[in-house]
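What the coordinates show
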Amino acid sequence: MTITNYLTRKEELILLAVHKLGDSASLVKVREILNVSTGHEWTVGNVYVPLDRMTKLGYLETRVGEPTARRGGKAVKYYVLTRLGNEALAELKRVHDTMWNGVSDPALEK
Amino acid sequence: MGEKFHRPPRLPSWILFRFLPEAENPFIGGDFDEIYNGIRERQGKRAACRWYWVQLISWIPLILFHSFRWSLTMFKNYLKITLRNLRRQKGYAFINIAGLSVGIACALLIILVVQFEFKYESHHENAGRIYRINVEHTQLERTFRSTYSPVPLAPAMSEEVPEVTHFSRMAELRQIPVAHEDRKFYEDNVRFVDPGILEMFTFPLVSGSKETALTDPNSIVITEDMAVKYFGREDPLGKTLVLFNSMSLKVTGVMKNHPGYTNIRPDFLVPIEKVRAIAGDDFFQNWLSQQLASYVMLAEGHSAAEVEAKIQDAFERHVRADDGRVLTLDQLNRMHLFSDTEATGNVSSLYILLAVGGLILLAACINFMNLATARSAKRAKEVGMRKVVGAARRQLIRQFIGESMVYAAISMVFALVLAYAFLPVLNSLTGQAVEFGDIFQTQFLAGIAGIYLLVGFLSGSYPALFLSAVQPTKILRSTFEAGTQGVLFRKILVVVQFAISIILIVSTLIFGRQLNFLLNKNLGFAKDGIVVIRNDRTTFRRDLQPLRSELLSDPRILGVTGSLMLPSSIGMYNTVTWEGATDNQEISIMHNRVDYDFLDTFEIELVAGRNFSPEFLGDTSAFSDASVPENSRSIIINEEAARQFGWEDPINKNVIQVYGAERYYYKVVGVIRDFHFSSLRQSIQPLKLFLSTDDNRYVSVKIGMEGLTATLEFIKEAWKQIFPEAPFEYFFLDQVLERRYQSEASLKRLFTYFSGLAVFIGCLGLLGLASYAAERRSKEIGIRKVLGASCPQLVILLSKEFTRWVVVANVFAWPVAYFALRSWLRGYAYRISLNAQLGFFILAGVLALAIALITVAFQAVKAALSEPVKTLKYE
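Residues numbered from 1 in each chain as written. Chains lettered and ligands numbered in written order. Predicted model: local features only at pLDDT ≥ 70, side-chain atom pairs only at ≥ 80, totals over all residues.

Comments concerning helix α14 (residues 442–468) of chain B
All names here are of chain B. Compared with an ideal rise of 1.5 Å per residue, which puts 27 residues at 39 Å, α14 spans 36 Å between its outermost C-alpha atoms and is within 8% of the ideal. Along α14, the largest kink reaches about 40° and is centred on Ser461; proline Pro463 follows within four residues of it. Three or more residues of α14 are buried, namely Ile451, Val455, Gly456, Ser459, Gly460, Tyr462, Pro463, Ala464, Leu467 and Ser468. (Helix = DSSP H or I, 4+ residues; strand = E, 2+ residues; numbered from the N terminus. Expected span 1.5 Å × (residues − 1). Bend = angle between axes of the 7 residues up to and from the residue. Buried ≥ 20, exposed ≤ 12 C-beta atoms within 10 Å, placed from the backbone.)

Some points on the environment of B:Ser755
Residues and elements named next belong to chain B. One can find Ser755 in helix α23 (residues 742–776). What makes Ser755 buried here is the crowd of 26 C-beta atoms within 10 Å. Distance from Ser755 to Ile360, taken between C-alpha atoms, is 8.5 Å for residues 395 residues apart in sequence. Sequence-distant contacts of Ser755, defined by excluding residues within four places in its chain, comprise Ser501, Leu504, Ile505 and Thr508. (Contact = placed C-beta atoms within 7 Å.)

Regarding the confidence of the model for chain B
The predicted coordinates should not be examined in detail at positions where pLDDT is low. Across chain B, pLDDT averages 83, with 94% of residues at or above 70. Two summary scores accompany this predicted model of the complex, namely pTM at 0.69 and ipTM at 0.81. (pLDDT = per-residue confidence, 0-100.)

Looking at the interface of chain A and chain B
Contact with chain A, which involves 16 residues of that partner, is made by 18 residues of chain B. At the level of elements, α2 (27–38) and α3 (44–57) of chain A are the ones that each hand at least two residues to the side of chain A that touches chain B. The element best represented in the side of chain A that touches chain B is α3(A), accounting for four residues. The class makeup of the residues in the side of chain A that touches chain B is eight nonpolar, four polar and four charged. (Nonpolar A, V, L, I, M, F, W, Y, C, P; charged D, E, K, R; others polar.)

Observations concerning the pairing of strand β16 (residues 573–578) of chain B
All names here are of chain B. Judged from the four bridges that link them, β16 and strand β17 (residues 587–594) form a sheet pairing that is antiparallel. Note on β17: the bridge partner recorded for Thr575 is Ser588. Alignment of β16 against strand β20 (residues 654–659), held across two bridges, turns out to be antiparallel. Across the sheet, Trp578 pairs through a bridge with Val655, a residue of β20. (Pairing = 2+ DSSP bridges.)

Examining the nonpolar core
Residue and element names in this part refer to chain B. In terms of nonpolar packing, the biggest core is built from 94 residues, with Ile104, Leu109, Ile360, Phe498, Ile502, Val506 and Ala758 touching the most fellow members. Listing elements by their share of this core, those giving two or more residues are α4 (90–118), α11 (347–374), α13 (393–430), α14, α16 (487–520), α23, α25 (791–825) and α26 (838–865). Counting 55 residues, the second largest nonpolar core, distinct from the first, contains Tyr131, Leu292, Val296 and Ile311. (Core = buried A, V, L, I, M, F, W, Y, C linked by C-beta atoms within 7 Å.)

A short note on the environment of B:Val254
Looking at where B:Val254 falls in the secondary structure, it is placed in strand β10 (residues 247–255). Linking B:Val254 and B:Ile220, residues 34 residues apart in sequence, is a C-alpha distance of 9.0 Å.

Considering the packing of α16(B) against α25(B)
All names here are of chain B. One can describe the packing of α16 onto α25 by two numbers: an axis separation of 7 Å at closest approach and a directional angle of 40°. It follows that α16 is oblique to α25 by the angle criterion. Relative to α25, α16 is oriented so that their crossing is right-handed. Counting all contacts with α16, which are made through Lys491, Val494, Val495, Phe498, Ala499, Ile502, Ile503, Val506, Ser507, Ile510 and Gln514, the residues of α25 involved are Trp805, Val806, Val808, Ala809, Asn810, Phe812, Ala813, Val816, Ala817, Leu821 and Leu825. The class makeup of the residues in the contact of α16 with α25 is 18 nonpolar, three polar and one charged. (Axes fitted to C-alpha atoms, helices over the stretch in contact; angles between N-to-C directions. Parallel < 35°, antiparallel > 145°, perpendicular 65-115°, else oblique. Left-handed = near helix turned anticlockwise from the far one by under 90°.)

Structural notes on the packing of α2(A) against α3(A)
Residues and elements named next belong to chain A. At a closest axis distance of 10 Å, the pairing of α2 and α3 adopts a crossing angle of 115°. Pair α2 / α3 crosses with right-handed handedness. Along its contact with α2, which presents Leu27, Val30, Arg31 and Leu34, the element α3 presents Val44, Val47, Tyr48 and Leu51.

Thoughts on the environment of B:Ala304
By the element assignment, B:Ala304 lies in helix α9 (residues 304–316). Each C-alpha atom of the pair B:Ala304 and B:Arg129 lies 8.8 Å from the other, and the pair is 175 residues apart in sequence.

Shown next as structure tokens:
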């Protein structure tokens, strides 16, 4: 598998966030998770563009939800991992784990 | 949730929605709204708004990248193809770029010249509120207009018309001796003014204060140039200048030198009170004659029209009920080009120039279109391939327009260089000081960008629209006949182009004829061999007799006379009535004071009566005696005056000047043939001459033209001996007369150059087309040669087609040129008859045809001489 070649680091993180959120992965929620876990503010564009691209590449699917008052009466779009997306994440995890395995340098620990 | 929903700011959300793909709008919009509302609840409206904007701005690069990524790739390809074509066909590229750059350079130069003329007086901050009061006087359907007005007018208006906030008069005296210690010069640009002038006009002071500089009557404000001239490097402030050898004035201010685009350029400003010492109190109370220029400044928000009426009312309270003079206002910043009274510039020749610039630019664009369509066959395969691979028509149009934009850009660079290089030449032709730096004004840069887009778009439009419409199947089939498309269109373009050239050539020739006519027309007086010595204020009252006898003792001197004004430029007039006039009707009549030998020296023909002579007492008697008819003073009038008075036999009839309650009588003793005493643009007006032996502002000496230098030296010696205190300054009358038609001369010179350029551009295009035609028909030529065609036959074959186009161009050009020139010539009271000049129309046509033939034949001969073997061997 060479999926990882096509994904940037940013896209990886977003993919992972979608996975974590399960059924409720809307752009707003994805962005919140990213803000919290990376510690800095993500712009809407920085989240939307990768989401859109990965949808086009087939890693994600979209599902339209109910409109709410808070959104000015507009519907929400949820993102769901496809099989390809799942495989990509699994591949990423495997590479990650393999690479990190056996690294025990105190300088790298927080 | 249940919380209140807040609408995000309108502008950024509108922008956002414009850039998003439509299908995504509700979702992204919803996301934005949700986050916006969240921030708003936590941190308030201001922070939320800021967040929205930051989001939008930080998204711009992403959006741009995504929407242009593909266009960028294609753009790189287009650029590569363009440059490749340019390199592969150097000849065509040269013709295209040379033509376009020359065309654009012409347009740029013309716009520079025109905007310079429109810039006149614009440096005065109050230019829109300052007006000059002119005087108009209409009698017998003839209107006399003067930029001068009565002396007491301006102060009276400032008191009586509330809209007038400031005023200043400008009295102009020439030849004033100005001295500082041993530096003595005669100055023409001394102006006697009111202190308000520095408040009204923008004459920036480099030293001294605007408020107080002219309040002391013994002060003088000078320009930087004059400061250097009189004081060198010393600080001029507080130093003394002596005018008229006795009037000591202290320098209280130094103003910046005047820019090139102004007609109001005083070198010295002196408080007008000082004129009292020279002209007396009467000067300040004379409502009857026009003595100086009056300027008034109106309060903000008042139009000339409403104030004009009020000024007229106020004026009429000061003068007789039947005065008849009408005051008009000329706005300062419109004065140069649009003054009805005396426009110093010539706005119609500017419009002509603009039209010429436009035509040349059009010719250059046509060149480009022409060559591009002709060459289109070569590009057709490329277009076909692009279409097959999936190019949309829009993309192809974009490609070709883009290509011509590249050419236009390269040409623009050359054009700027050309314009820079040739501006000095142009300036020397027009006598203006147009600066290249003007190009860097915002409006001008916008104009250049406009020209660029126009040229690029116009010249690329036809190939773009035509080529992109071709069907790929037709192109890619081998039967596609290259270059047959748009033949008619190309013919029309060449015809238009040559019509432009022919119009310009005809105009140049006719301008030249009219100029020659103006310069060589018999004016009715002798102008050759007349040396005019300008007399000084201090000496012009003195008797000429000693000088005359001294000069006439030499056989080289043919005549000597003095006069108040030269016969070429009589500019003073007054109003008179005459014996037999119904209801004391009055007309304006020009007048001049002349010496006994004025008529002889200038060879003005006497048609009836006699010349002035010392034998008759009435010829010399003083003005005040003439209040009874028996003591009337003698005058000589011209035929036009006699005609207007309606006199069959004018001799011994009286002309009467009404001056208040007094009537002064003038008896006609002679009638002279009409002569042109002003520009030939105007028709001859009535004239009367008085005898006066002590009003010799100009001393005219008629000499033989042999041994000129020695003769001049002799005159100078005699002058120095008799008037040692006066400088010897002279000029030749015919040279001054030539300068009178400077604007016609420079128009003609400009046209000579521009029509040359138009022909050059036209020939470039023709050259390209001809060589293309020869190339396309190379096989045909080869076969014809093999079958025995001779070289001249082939040349004729190839040239015939182009010749026909140029002949057709004549048919279109002649009527256009005829009507344009006819309306131009109507501006002259004396002009050549256009119908007698029709030969020049034919000449221009033949000239254009000859040039076109030479251009085409050059290519045709080359093609006809080529070896048939070379063109046929691949068949």
